Amino acid sequence: MLFRSIGDPVSWLSWLGRGFGRLELDEARWVMVDVESTGLNVGTDALLAIAAVAMQVDWSRKRLSMRPSDSFEVLLRQKDILSTKENIMLHGIGVQAQQQGLVPADAMRAFCTFVGKSPLLAFHAAFDRSLINKQLHALGLPRLRSPWVDVEHLCEVTHGNVKARSLDEWMAHFAIDCTHRHQAASDAFAQCEVLQRIWPVVREQCKGWAGLQRLASQRRWLAT
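Chemist: A description of the packing of aromatic side chains should follow, citing residues and the corresponding values.
Modeler: Following the criterion strictly, the structure yields 7 aromatic pairs and no others. An angle of 55° between the planes, with centres 5.7 Å apart, marks the rings of Trp 59 and Trp 199 as tilted. Of this pair, Trp 59 sits in the loop between β3 (47-58) and β4 (63-75) while Trp 199 sits in helix α8 (residues 184-205); the two residues are 140 residues apart in sequence, bridging distant segments of the chain. Pair check on accessibility: Trp 59 and Trp 199 agree, each one buried. Directly above the ring of Phe 114 sits Arg 29, whose terminal nitrogen or CZ lies 4.7 Å from the centroid.

Dropping the structure here:
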């Protein structure tokens, strides 16, 4: 069973209680998320693992720093093994590991506790958000209310002259090395590094999380 959570999370009950009323964001702590799944179809594929790394934001000094000690990683136990051999070769989570993961309800509660009041980021965030909320819904748990920002959108807006789209292409552009690609924890750290590389441009255009959301939303206009 793989389960690691380090930091100072709020309790599960306090997280659940925020299902009512307005969520007060912790804008000083962002959480970078990455998931592994049995495939790329949100409708039919299953969530295998979640990893997350917290980032500390000092808006007064416009500093962004990664917090490796405040990280999370969990493998969800699979009732039915849906991964193909090719899929297992990609993420390295074998049949035995999938069978020995944490009970899904416990895994998702632990993840939501880790997130707490923090806003979320991911590369291709729509996929991660949809798969996580699908799993929560299937378990009868409240969906995450935390807002998300797509790191890919921020990359495109801040570095529009770079002909990169995938995470691998952006990592290559910024000369970021990731020895264990397609493993959730390694990918989450790599995504943090990508965000740090574009941060000098981001910080000049944003004064808070709402500004970051507005900046990311400009990508839709660039795409038209």
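Chemist: Account for α8, naming residues and giving values.
Modeler: Given a rise of 1.5 Å per residue, 22 residues ought to cover 32 Å, and the 30 Å separating the end C-alpha atoms of α8 matches this to within 8%. Where α8 bends most, the angle comes to about 60°, and this point is Trp 199, followed within four residues by the proline Pro 200. Looking only at α8, the buried set comprises Ala 184, Ala 185, Asp 187, Ala 188, Ala 190, Gln 191, Cys 192, Val 194, Leu 195, Ile 198, Trp 199 and Val 202.

Chemist: An account of helix α6 (residues 151-158) is requested, with residue identities and associated values reported.
Modeler: Most of α6 is tucked away, with 7 of its 8 residues classed as buried. Taken together, the buried positions of α6 are occupied by Val 151, Glu 152, Leu 154, Cys 155, Glu 156, Val 157 and Thr 158. Where α6 begins, the capping side chain belongs to Asp 150, and its oxygen is found 2.8 Å from the backbone nitrogen of Glu 152.

Parameters at a glance
Residues numbered from 1 in each chain as written. Predicted model: local features only at pLDDT ≥ 70, side-chain atom pairs only at ≥ 80, totals over all residues. Heavy atoms only, no water. Phe/Tyr/Trp six-rings, centres within 6.5 Å; stacked < 30°, edge-to-face > 60°. Helix = DSSP H or I, 4+ residues; strand = E, 2+ residues; numbered from the N terminus. Buried < 20%, exposed > 50% of the residue type's maximum accessible area, 1.4 Å probe, protein only. Lys NZ or Arg CZ within 6 Å of the ring centre and 35° of its normal. Expected span 1.5 Å × (residues − 1). Bend = angle between axes of the 7 residues up to and from the residue. Polar contact = N/O pair within 3.5 Å; in protein donor to acceptor, adjacent residues only side chain to side chain.

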